[in-house]
Each structure stands twice: as structure tokens, then as C-alpha cells.
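So the chains spell out like this:
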Amino acid sequence: MEFLSDASDMTMCDKQKIVVRGGKPLVGSLQIHGAKNAVLPMLAAGLLTEDGVSVSDCPHISDIDAMLALVGELGAKAERKGRNVIVYGRATRTCVSGQLASVMRSSMFMLGALLASLGEVKMPLPGGCDIGARPLDIHLDGLRKMGAICEFEDGELRCYAKALHGADIVMRYPSVGATENLLMCASLATGRTTLVNCAREPEIISLARCLRAMGANITGEGTSVMTVEGVRKLHGASASPCADRIVAGTVMAAVALAGGDVSMYGISPNLLSSVTDVFQAAGASVTCDSACMRVRSDADLRALSVSTAPFPLFPTDMQPQLMACLCYAKGVSFVRETVFENRFAHAEELSRLGARVVTGGDVACISSPEPLHPAVMSAKDLRGGAALVISALGIDGESEILNPHFIDRGYEDLPKLLRSLGADVTRQI
Ligand code: UD1
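Because the structure is predicted, anything quoted here is derived from the model rather than measured.

What about the site of the ligand?
Neighbouring residues of the ligand: 20 residues in total, closest Asp-137, Ile-138, Ser-175, Asp-317 and Val-339. Within the side chain of Asp-137, an N or O atom sits 2.7 Å from a nitrogen atom of the ligand. Between an oxygen atom of the ligand and a side-chain N or O atom of Ser-175, the distance comes to 2.6 Å. Among the elements of the structure, α6 (137-145) and α7 (176-188) are those that each provide at least two residues to the shell around the ligand. Residue composition of the shell around the ligand, grouped by class: eight nonpolar, six polar and six charged. For the shell around the ligand, the two domains that each supply at least three residues are domain 1 (7-32 + 243-428) and domain 2 (36-239).

Points about the environment of Lys-233
Residue position: Lys-233 is located in the loop between β12 (225-229) and β13 (237-239). Using a relative accessible area of 57% as the deciding quantity, one classes Lys-233 as exposed. Spatially, the C-alpha atom of Lys-233 lies 54 Å from that of Leu-301, the residues being 68 residues apart in sequence.

Topic: the domain arrangement of the protein
Partitioning the protein into domains gives domain 1 (7-32 + 243-428) and domain 2 (36-239). One C-alpha centre belongs to domain 1, the other to domain 2, and the line joining them spans 30 Å. With 21 residues of domain 1 at the contact, the number on the domain 2 side is 22 residues. Summing both partners gives a buried area of about 1,900 Å² for domain 1 against domain 2, and 48% of it is carried by carbon and sulfur.

A look at the nonpolar core
Burial of nonpolar side chains together is a common tendency in soluble globular proteins. If you look at the biggest cluster of nonpolar residues, it comprises 151 residues, and the most contacted ones within it are Met-264 and Leu-393. There are two domains that each give this core at least three residues, and those are domain 1 (7-32 + 243-428) and domain 2 (36-239). Non-local contacts of Leu-393, meaning those with residues more than four positions away in its chain, are made with Val-20, Gly-22, Gly-23, Lys-24, Leu-26, Ala-254, Leu-257, Ala-258, Tyr-328, Leu-418, Ala-423 and Val-425.

Quick word on the packing of aromatic side chains
Scanning all chains against the criterion turns up zero aromatic pairs. Directly above the aromatic system of Tyr-160 lies the positively charged group of Arg-158, at a separation of 4.1 Å from the ring centroid.

A few points about the sheet that holds strand β5 (residues 84-88)
Pairing is mixed across the open sheet formed by four strands, whose spatial order is β4-β5-β3-β13. Each of the sheet's edge strands pairs with one partner strand only, and the pair in question is β4 (77-81) and β13. Put simply, the sheet's adjacent strands are angled 15 degrees from each other on average, direction ignored. The sheet contact formed by β4 and β5 spans five bridges and is antiparallel. Its bridge partner lying in β5, Lys-81 is registered against Asn-84. Along the sheet face, helix α2 (residues 36-45) touches β3 (53-55), β5 and β13 and points at about 170 degrees away from the line of β3.

Considering the sheet that holds strand β16 (residues 292-297)
Spatially, the four strands line up as an open sheet ordered β2-β14-β16-β15, and their pairing is mixed. Each end of this open sheet is capped by a strand with a single partner; those strands are β2 (26-31) and β15 (285-288). The sheet shows a mean angle of 10 degrees between the axes of neighbouring strands, direction not considered. Pairing of β2 with strand β14 (residues 260-265), which is carried by six bridges, proceeds in the parallel orientation. Residue Val-27 lies in a different strand from β14, and its bridge partner there is Asp-261. Across the sheet, helix α9 (residues 245-258) touches β2, β14, β15 and β16, and the angle it forms with β14 is around 170 degrees.

Considerations on unusual backbone geometry
Along the chain, Phe-311 connects to Pro-312 via a cis peptide bond; the corresponding omega equals 10 degrees. For Pro-312, the position within the fold is in the loop between β17 (305-307) and α11 (319-326). A positive phi is found at Asp-57, a non-glycine position, where the angle reads about 55 degrees. The topology assignment puts Asp-57 in the loop between β3 and α3 (62-73). Classification of Asp-57 as partly exposed rests on a relative accessible area of 28%.

Observations concerning the pairing of β16
Sheet topology places β14 next to β16; six bridges connect them, and they run antiparallel. Following the sheet pairing, Met-264 is matched in β16 by Met-293. For β15 and β16, the ladder comprises four bridges, and the chain directions are antiparallel. Directly across from Cys-288, in β16, lies its bridge partner Met-293. Counted along the chain from β15 to the antiparallel partner β16, the turn is three residues long.

Details of the pattern of salt bridges
Taken as a whole and assessed by the stated rule, the structure comprises 25 salt bridges. Taking the shortest distance from any N to any O, the salt bridge between Glu-151 and Arg-158 comes out at 3.7 Å. Overall, the relative accessible area of 27% leaves Glu-151 in the partly exposed class. Among the ionic pairs, Glu-349 bridges to Arg-352, the shortest N-O distance being 3.0 Å.

Parameters and conventions
- Throughout this description, residue numbers start from 1 for each chain and increase along the sequence as written.
- Confidence filtering applies because this is a predicted model: local features only for residues at pLDDT of at least 70, side-chain atom pairs given and counted only at 80 or more, and all residues used for totals across whole chains, interfaces and linings.
- To obtain the side-chain values, all non-hydrogen atoms of the structure were used and water was disregarded.
- Consider each residue's heavy atoms; a residue with any of them within 4 Å of a molecule or strand counts as near.
- Identification of polar contacts relies on pairs of N or O atoms within 3.5 Å, with a donor-acceptor requirement for protein atoms, meaning one able to donate a hydrogen and the other able to accept it, and with residues adjacent in sequence counted only if both atoms are side-chain atoms.
- Secondary structure counts use DSSP, requiring at least four H or I residues in a row for a helix and at least two E residues in a row for a strand, with both numbered from the N terminus.
- Basically, the charged four are Asp, Glu, Lys and Arg, the nonpolar ten are Ala, Val, Leu, Ile, Met, Phe, Trp, Tyr, Cys and Pro, and anything else, Gly included, counts as polar.
- The split of the chain into domains comes from an automatic or database domain assignment.
- Note on exposure labels: buried denotes an accessible area under 20% of the residue type's maximum, exposed denotes more than 50%, and partly exposed covers the range between, all computed with a 1.4 Å probe on protein chains only.
- Contacts: residue pairs with any heavy atoms within 4.5 Å of one another.
- The term buried area means the drop in 1.4 Å probe accessible area that two parts suffer when joined, counted for both and summed.
- Nonpolar cores are built from buried Ala, Val, Leu, Ile, Met, Phe, Trp, Tyr and Cys residues. Side-chain atoms within 4.5 Å join them into one set.
- Pairing of aromatic rings covers Phe, Tyr and the six-membered ring of Trp, with a centre-to-centre limit of 6.5 Å; geometry is then stacked below 30 degrees between planes, edge-to-face above 60, and tilted otherwise.
- The rule is short: NZ of Lys or CZ of Arg within 6 Å of the ring centre and within 35 degrees of the ring normal puts a charge over the ring.
- Should DSSP find at least two bridges between two strands, the strands are taken to pair.
- Only the contacting stretch of a helix is used when fitting its axis, a line to C-alpha atoms as for every element, and angles between N-to-C directions run 0 to 180 degrees.
- Here, a salt bridge means any side-chain nitrogen of Lys or Arg that lies within 4 Å of a carboxyl oxygen of Asp or Glu.

See the structure below:
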């Protein structure tokens, strides 16, 4: 398994770069793979039973490699066969190591998975992209209501419970990760849990379906109130994640700014309606039938004002790619980031292309008085890094994006994907 586990691997990655020779429209078709953010909690849910839980359509990305390493470190087994991953055997250890927790935010799913299966978890605070403080209070508040004791010891979080019981939990914000952790715990708790103001993201529907296939008794996924009747035991199952709406949205943004005609298969338009609305308002055309989403653009974009918000509104994970597009738009655009408080690291990098991107508080103001020019930019996080790659697609000349390992966390070889649509994008050492 390829996994960035030591400093030498990381140094090698840091020497890599993505080179974009832009100026060509994107033309062709592609299949959208399973969503990273659906697969990760589903793999964690595999720890809730000794039987095998098989997840199909798992992309080859480093966040999933890290999750498989984490499952193995905890004593269970995780095997990949092509795009299928199976998790089986019970976890035997309750401590998550600092190394893996620091690599990815999704180590947070061990909170629910280990507490529900072993009654205890000890872990450092999860790492991942540096896009905000990302506290765990909503997770811990819910777990405490279900009977867990959660305390910080020597900079680590320890949660334990003799037995978890159902509870009425009102979340102060519809946190995706907290909803998923509480669903896992509630599935094996005694009695009924009601989650109010829970997140409605499609990835939560995938997790609920996976848990239900494992024997859980869950209703209400996709709405803000979910109910879970706890069961004594869960069993093995096969489950599929929803398609990756952020990968599809990134392709939509790339076509919007570079121009072209691309058909995407395997993605339901319902997962992307807010994103489609925004790119259409910017000047792209999106048409859908039951099998395909077709994006066309002549790269003549209009300025916009957009705010990010929880599903079904415009996703924060598409904010950097939208900002890359708006650097090409005529006029002045405003983007408000309401979900994470520190998610504008890509703004300074985009301004290296000649765009004027000014940020203040939760708002960015974007305009480009002069034509954009090629530049060397540095990825600072996953989605911001992808935004830098696509931002260079509309410019004649050679741009470079440093630190591509951030992008590998969530995109299965983004240069190859863009090459399959006719772009000139390569990875170089
Ligand atoms: C998930 C996604 C991430 C996406 C985000 C929002 C995964 C693996 N990651 O992250 O790609 O950008 O949803 O759509 O699915 N918050 C608190 N206290 C908490 C929990 C969250 O204050 O206990 C805050 C966060 O700091 C953030 C906001 O709530 O400002 C949203 O966070 P949340 O929905 O929990 O995001 P994640 O689950 O971490």
C-alpha cells in the first residue's frame, strides 16, 4: 500500500510539481468515482462488526490509504482488491497514533467507531487541511448525552463508556463528521436516539445506507432529523458510496474557465444542483439526463456573489475552484466562506496569475483588470491545490503547482484526469 508514512516520502513528494500548459479547451467524457467523504466513514463503520464490510468504488487516493493503514494499526484488517475495499475483524486497540491522526481529519471517525465497538478511544486531535480550528465540541456534546465520558489528558482526547444509551441530541450546527460519529454510536446504543439539526450531505445518506445494510435501524437520512433505534449487534454487508460531487464540481469549474464540452457519467445532478446553478449563472451551460451531466462553456464568464453553506447550498469544498473561475470573469466577484474560518490560502496563490484577490474576514473580492499570465503557485491544502491546477488551464503558457501531495489526498491522479480531456498537464519531479 502506498502511504506517506515517513519524512523521506514526504520530501520526495515535496520535490514533485504539476506543470500545466494551458490554453486548450477540455473535451471528452469521464466516469465520476465514489466520494472520498462517503468512503472514509463507511470504512470506519467496518469496525463496528467482526464480519466483513465491503465498500465498492473506492478511489485510489492517499486519504483512503491512510484510513486503511489506521484500520490495520488498530488491529482489524483492511484489504483492497481493485476498487473494492473490505474491512474485517474487530479492532483490538483503542489508541490512535499521533502519526496517523495528524495526517488526516478522518481519524475523527475512530471516535464513534471505537467508542461504539470497544467502549473506549484515545486519540490526539485529528489533523487534516489547515482551514480552520475545527473543534470537536458537537461530537463530544452528543457522545456525552449518550453516556460517554470525554476528557482531555496530556494533549490527547479520551472517551469511554461502560454502555452507550440513546438520547435526544440537538446539534448547534449541522456538522458532517459529528452526525456521522453519532450515527455510528447510536446504531449500537441501547434505545432510541434522535438527532436534530443533523447534516444532510449525500455522504451521510451513503453512511446511513451502509449501516442499515449492516443491520442498523436508521430513518431520516437526508433530512435534518434522524432517528436511530439501537441494535445489539451489527453484521457484515456490501455497500456503495455516492459519486464524488466535489470531483465532478472541479471538472465543471475547469470546463467553465478553460472552455470546452465534457460529459460526466455516474453522478446524479441532484448532488450538484447548487454548484450547477452557480456555474450556469457564471456563463457555463449544464444539461442533464438520467445518465449524464454535460458541461459546455465558451470561457466567457460573468462575475458573481456566492456564499458557502451546508448542503444543499454551495459547498465549501467547491469554494476554491469557484474562486479560480471567478479570476477569469468580467467584473468584480465576492465569495463569502461561512463554513470554515480560514479557507482562503489559495487566494494569495491565485493572485500570482495577475488576478486581484483581496480577502478580509470571511469575504474575498476577486477581479482581473489585466489578462492573466502563467505563474508558479504552491498548494496549501487539498481543494485549494486543485483550484490552482485548474486555474492555469485557461492561460497560454506554462504554470507550475508545487506541493501536489495535498491534491493526492482527494483526487485520483488529477493530471491524468485532465489529460484525458485534452489538457496538457503533467506531474514532474
Ligand atoms: C466534512 C468534510 C469536509 C467538508 C466539511 C463541510 C469529511 C471527511 N470532510 O468535514 O470535506 O469541507 O464536512 O462540508 O467528510 N465544527 C465545530 N465543532 C464540531 C464540529 C464542527 O465547531 O464539533 C465546525 C467546524 O469547525 C466547521 C464547521 O463546523 O467550521 C463544519 O464542520 P463539519 O461539518 O464538522 O466538517 P467535517 O466533518 O470536519
